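Chain by chain, the residues run as shown.
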Amino acid sequence: MIVPESGQDQRDALSVASLSRPELAGILDKPVSRSKINHLHFGYIIIRLTCTHQIHLSYGYQGMQALRERCQRRIRELLRSQDELVCIGEAEFAVLLPDLKNEGHAILAANRIHSELSSPFTLNNELINITAAIGIAVFPEHAGSAEKLMLNADIALETAVDMNLPYEMYSPVSEPSSLPTIRLAHDLKAAIAQDELELFFQPKIDLKTGSIYSVEALTRWHVPDSGYIDPELFISIAEHSGLINSLTRWSLTAGCRQSRFWKEQYDISLSVAINISPTTLHDAQTVDSVLHALDLWDAGPESITLEVTESMMMQKPEQSLRCLKRLRDLGIRLSIDDFGTGSSSLAYLKTLPVNELKIDKSFVINMVNDEGDLTIVQSVIDLANNFGLEVIAEGVENQTTLDTLVDMGCRYAQGYYMGRPMSAPEMDTWLAESAWGIKAKGIQPR
Ligand code: C2E
Ligand code: CA
Ligand code: CA
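Small disclaimer: the values here were computed from a predicted structure and weren't measured. (Residues numbered from 1 in each chain as written. Chains lettered and ligands numbered in written order. Predicted model: local features only at pLDDT ≥ 70, side-chain atom pairs only at ≥ 80, totals over all residues. Heavy atoms only, no water.)

Structural notes on the overall build of the protein chain
Okay, step 1: Looking only at helices and strands, the protein chain has 16 helices and 18 strands in total.
Okay, step 2: Here the C-alpha atoms of the protein chain give a radius of gyration of 23 Å, agreeing with the 22 Å that 2.2 N^0.38 yields for 446 residues.
Okay, step 3: Projected onto its principal axes, the C-alpha positions of the protein chain cover 80 × 50 × 45 Å.
Okay, step 4: Among the 446 residues that make up the protein chain, the fraction classed as buried is 53%.
Okay, step 5: Counting contacts in the protein chain only where the partners sit at least 6 residues apart, residues at least 24 apart contribute 69% of the total.
Okay, step 6: Of the accessible surface of the protein chain, which amounts to about 20,100 Å², a share of 51% is contributed by carbon and sulfur atoms.
Okay, step 7: Taken together, the 38 basic and 59 acidic charged side chains of the protein chain have centroids lying 2 Å from each other. (Helix = DSSP H or I, 4+ residues; strand = E, 2+ residues; numbered from the N terminus. Rg over C-alpha atoms; globule rule 2.2 N^0.38 Å. Buried < 20%, exposed > 50% of the residue type's maximum accessible area, 1.4 Å probe, protein only. Contact = heavy atoms within 4.5 Å. Areas by Shrake-Rupley, 256 points an atom, 1.4 Å probe, with all protein chains shown as cover. Lys, Arg positive; Asp, Glu negative; His and termini not counted. Charge placed at Lys NZ, Arg CZ, Asp CG, Glu CD.)

Given below as structure tokens:
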């Protein structure tokens, strides 16, 4: 007999439709078409409970059924009233997210679901842990039809399972070994080796002093005849093809070189923020690469900041913490990127040796017109201020947003309004000419 987990679970079984994938594709057509007409995004999330084999063996079909119902209840409670939860197999669920503002909100939902399913369940008075992998696809970014949307979420799910990630958003490189991907990976390897990548820089502004305090380095890859390749695409290719460590090494070295250059040119310390890929944070080589880059350019640890994303830190919290502590001990500044899309617990956050929380741009871009986004931004600012952390909002595209952020107690900001990502020479001009540049620091260009 399977004992209910809690008083709540003794309520009538939650009614969740069970459908096959073809049946679901049939009924998904309508809401997806509606999104098309209304120019809205439609998120599709597929969740697979992994490690359920053991539950089957230990608790039988009845146990599996009870577990499924408990998962359904936990997921349902996280969803909005317009979202739908569908059971599409023995250990798989689909979540339909109509009227989404952007992809960030689909990631937020996936992270919350993953975190909720990671807490232990009680079956027959025993605590059991399960794991879940999640695939995400969003209309119209990743697919133009319901069927393709489901297919692409399935492809993302397989990548999440293969790479042991909590979730994966669909990207064309998730497609199993497509020819263009193999070719791009081959070309990218050559581009890294031949130093053909380029760093662009985007200013991070201190709103109290009205001047730049740091720059984010964003890697660009220009391919003759094809133009600039989307960074999200080639970073993802690098991650999937084992090139990410060499790309990170390259960007660390180029970032230290640039910081050193500005120090010599203008006698200013601009910490260059380098993005550390989720898959490299846990890698022992990362700390060595950082030391090597600093050493090569005879740069102090304050020359660089590392930006690591919140959601991926949660994947291996203990390992992440160890790596972050080592970097912090070396005096490196650390920033948690895309903050707000993950689901870090307060307890975990408190232990993190980081300097800065960076509010994800998906909440900032439209915050002055959206109460929900405004609330999220305010709560991250309050959280950071309470924990004694610096807080920066990215995705600031106008003066109203900037003014609102100041009123809300946000000290730092980054966005197209102050400066887009620029090549090194463009950044030099910006530094000399912008009101937020070196003039605001009382420095004259040489
Ligand atoms: P990210 O780290 O979240 O970087 C911020 C992205 O937001 C950049 O896109 C930037 O151009 C964009 N952005 C900045 N301000 C605004 C704004 O006001 N409005 C809007 N709409 N967008 C804004 P980008 O350059 O396309 O980079 C995309 C992502 O690629 C980055 O996201 C980062 O995750 C990754 N990436 C870029 N360079 C590297 C790298 O060297 N290493 C690693 N691991 N990842 C990188
Ligand atoms: Ca970043
Ligand atoms: Ca970001």
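That was the structure; now back to the text.
Concerning the environment of Leu 49
Okay, step 1: Tracing the chain through its elements places Leu 49 in strand S2 (residues 41–50).
Okay, step 2: When the C-alpha atoms of Leu 49 and Thr 131 are compared, they prove to be 5.9 Å apart, with 82 residues separating the residues in sequence.
Okay, step 3: With residues near it in sequence (within four places) discarded, Leu 49 still touches Cys 71, Ala 91, Phe 93, Leu 117, Ile 130, Thr 131 and Ala 132.

Details of the packing of helix H7 (residues 244–266) against helix H16 (residues 424–433)
Okay, step 1: The geometry of H7 relative to H16 is characterised by a closest axis approach of 13 Å and an angle of 35° between their N-to-C directions. Two packed elements cross with a definite hand, and for H7 against H16 that hand is right-handed. Of the residues in H16, those in contact with Gln 258, Phe 261, Trp 262 and Tyr 266 of H7 are Ala 424, Met 427, Asp 428 and Leu 431.
Okay, step 2: A class-by-class count of the residues in the contact of H7 with H16 yields six nonpolar, one polar and one charged. (Axes fitted to C-alpha atoms, helices over the stretch in contact; angles between N-to-C directions. Left-handed = near helix turned anticlockwise from the far one by under 90°. Nonpolar A, V, L, I, M, F, W, Y, C, P; charged D, E, K, R; others polar.)

Quick word on the pattern of salt bridges
Oppositely charged side chains can form a pair if their charged atoms are brought close together.
Okay, step 1: Applying the stated criterion across every chain yields a total of 17 salt bridges.
Okay, step 2: Arg 80 is the partner of Asp 83 in a salt bridge, and the nearest nitrogen-oxygen pair spans 2.6 Å.
Okay, step 3: The buried category is assigned to Asp 83, whose relative accessible area is 3%.
Okay, step 4: Here Arg 80 falls in the partly exposed class, since its relative accessible area comes to 31%.
Okay, step 5: Put simply, Lys 204 and Glu 356 hold a salt bridge, and the shortest N to O gap is 3.1 Å. Of the two residues, Lys 204 is situated in strand S9 (residues 198–206) and Glu 356 in strand S16 (residues 356–359); the sequence distance between them amounts to 152 residues. When sorted by exposure, Lys 204 lands in the same class as Glu 356, which is buried. (Salt bridge = Lys/Arg side-chain N within 4 Å of Asp/Glu carboxyl O.)

Here we look at unusual backbone geometry
Okay, step 1: That bond from Phe 139 to Pro 140 is cis: its omega, 5°, falls within 30 degrees of zero.
Okay, step 2: With respect to the element layout, Pro 140 can be found in the loop between strand S7 (131–139) and helix H4 (146–162).
Okay, step 3: Although it is not a glycine, His 39 adopts a positive phi angle of roughly 55°.
Okay, step 4: Position of His 39 among the secondary structure elements: in the loop between helix H1 (21–38) and S2.

Describing the packing of aromatic side chains
Okay, step 1: Applying the stated criterion across every chain, the model contains five aromatic pairs.
Okay, step 2: A ring pair is formed by Tyr 417 and Trp 436, whose centres lie 6.0 Å apart and whose planes are at 70°; its orientation type is edge-to-face. On the criterion of sequence distance, the pair formed by Tyr 417 in the loop between strand S18 (412–414) and H16 and Trp 436 in the segment after H16 is long-range, its members being 19 residues apart.
Okay, step 3: Residue Tyr 417 is classed as partly exposed on the basis of its relative accessible area of 33%.
Okay, step 4: The ring of Tyr 416 carries the charged tip of Arg 420 above its face, separated from the ring centre by 3.9 Å. (Phe/Tyr/Trp six-rings, centres within 6.5 Å; stacked < 30°, edge-to-face > 60°. Lys NZ or Arg CZ within 6 Å of the ring centre and 35° of its normal.)

Side note on the coordination of the calcium ion (ligand 3)
Okay, step 1: Coordination of the calcium ion (ligand 3) by the protein is provided by Asp 337 (OD), Asp 338 (OD), Glu 394 (OE) and Glu 394 (OE), with metal-donor distances spanning 2.3 to 2.8 Å.
Okay, step 2: Mapping the donors of the calcium ion (ligand 3) onto the primary sequence yields the spacing D-D-x55-E.
Okay, step 3: If you look at the calcium ion (ligand 3) and the calcium ion (ligand 2), they sit 4.0 Å from each other and are both ligated by Asp 337. A residue pair is termed long-range when its members are at least 10 positions apart, and Asp 337 in strand S15 (residues 333–339) and Glu 394 in strand S17 (residues 390–394) qualify at 57 residues. Across the pair, exposure class does not vary: Asp 337 and Glu 394 are buried alike. (Donors = N, O, S within 2.8 Å, 3.2 Å for Na, K, Ca; no water.)

A look at the site of ligand 1
Okay, step 1: Around ligand 1, the surrounding shell holds 22 residues, and the nearest of these are Thr 219, Arg 220, Asn 275, Glu 397 and Tyr 416.
Okay, step 2: Protein contacts shield 87% of the accessible area of ligand 1, which totals 800 Å² for the unbound molecule.
Okay, step 3: Every element with two or more residues in the shell around ligand 1 is listed here: strand S10 (211–220), helix H6 (231–240) and S15.
Okay, step 4: Of the residues forming the shell around ligand 1, the biggest block, four residues, is contributed by S10.
Okay, step 5: Among the residues making up the shell around ligand 1, the classes are represented as eight nonpolar, six polar and eight charged. (Near = heavy atom within 4 Å.)

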